[in-house]
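# Close look at the chain arrangement
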Amino acid sequence: MYDFAASADLPKPELYRELIMAADALTAGEFDGVANMANIVALIWQFVPRLNWAGFYRAQGSELVLGPFAGKPACIRIPFGQGVCGAAAASGETQLVPDVHAFPGHIACDAASRAELVVPVLREDRILIAVIDLDSPEPSRFDGDDARGIEALAALIAARI
Ligand code: SME
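How each quantity is defined
Residues numbered from 1 in each chain as written. Predicted model: local features only at pLDDT ≥ 70, side-chain atom pairs only at ≥ 80, totals over all residues. Heavy atoms only, no water. Pairing = 2+ DSSP bridges. Helix = DSSP H or I, 4+ residues; strand = E, 2+ residues; numbered from the N terminus. Axes fitted to C-alpha atoms, helices over the stretch in contact; angles between N-to-C directions. Contact = heavy atoms within 4.5 Å. Polar contact = N/O pair within 3.5 Å; in protein donor to acceptor, adjacent residues only side chain to side chain. Near = heavy atom within 4 Å. Areas by Shrake-Rupley, 256 points an atom, 1.4 Å probe, with all protein chains shown as cover. Nonpolar A, V, L, I, M, F, W, Y, C, P; charged D, E, K, R; others polar.

### Things to note about the sheet that holds strand E3 (residues 77–79)
The pairing of strands in a sheet happens through backbone hydrogen bonds and is either parallel or antiparallel. Reading across from one edge, E3-E2-E1-E6-E5-E4 is the order of the six strands in this open sheet, with antiparallel pairing throughout. If you trace the sheet from one side to the other, it starts and ends with E3 and strand E4 (95–97), each paired once. Within the sheet, the average angular offset between the axes of one strand and its neighbour, ignoring direction, is 20°. Strand direction decides the pairing type here: strand E1 (residues 53–60) and strand E2 (residues 63–71), joined by seven bridges, are antiparallel.

### With respect to the environment of Asp146
Here Asp146 shows up in helix H4 (residues 144–157). C-alpha of Asp146 to C-alpha of Pro120: the two residues are 26 residues apart in sequence and 14 Å apart in space. Ignoring any residue separated from it by four or fewer positions in sequence, one finds Asp146 in contact with Lys12, Tyr16, Leu117 and Arg141. Engagement of the side chain of Asp146 in a polar contact is seen with the side chain of Tyr16, the distance being 2.7 Å.

### Topic: the site of the ligand
Of all residues adjacent to the ligand, which total 13 residues, the nearest are Val84, Cys85, Ile107, Glu116 and Asp135. Glu116 has a polar side-chain atom sitting 3.1 Å from a nitrogen atom of the ligand. Coverage of the ligand by the protein amounts to 99% of the 300 Å² it exposes when considered alone. Put simply, the parts of the chain that give the shell around the ligand at least two residues each are E1, helix H3 (83–91) and strand E6 (127–136). By residue number, the principal contributor to the shell around the ligand is H3, which donates three residues. Grouping the constituent residues of the shell around the ligand by class yields eight nonpolar, two polar and three charged.

Written as structure tokens, this is what we have:
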């Protein structure tokens, strides 16, 4: 049994530090990428409050394909450059969107989503493997601490998924 739990009311940087330690413990030595992505989504879901969707899209050719996630069923294929996830894939840069209604080309998978954070997972700092997508029903839910936390998580797991 794995029993990781986020301590209540932690400041965000510490919450992400705990999440990353748990992710490291769960994925170290395991080479199955799907298993690792599935466990990482479960940890994000457990540690990061006020989300309505969290998951992976994997880079395949010039599109993103849905991977392990928590939340409502989502669109399966997203071409690079389309929507928030496609923008992260095309640019290789984190997308922090306070209000998805104001993001041109946003792809609505769950009507409840208002804020979105998408972080590319890059191997050797340049080869796109996947993106991690977090959605929240709260506008402006995500800030720089969330972006840095998920970026650190992406760096940890890049060689494990
Ligand atoms: N909203 C995303 C699509 C993926 S879902 O949110 C799960 C986008 O615009 O890329």
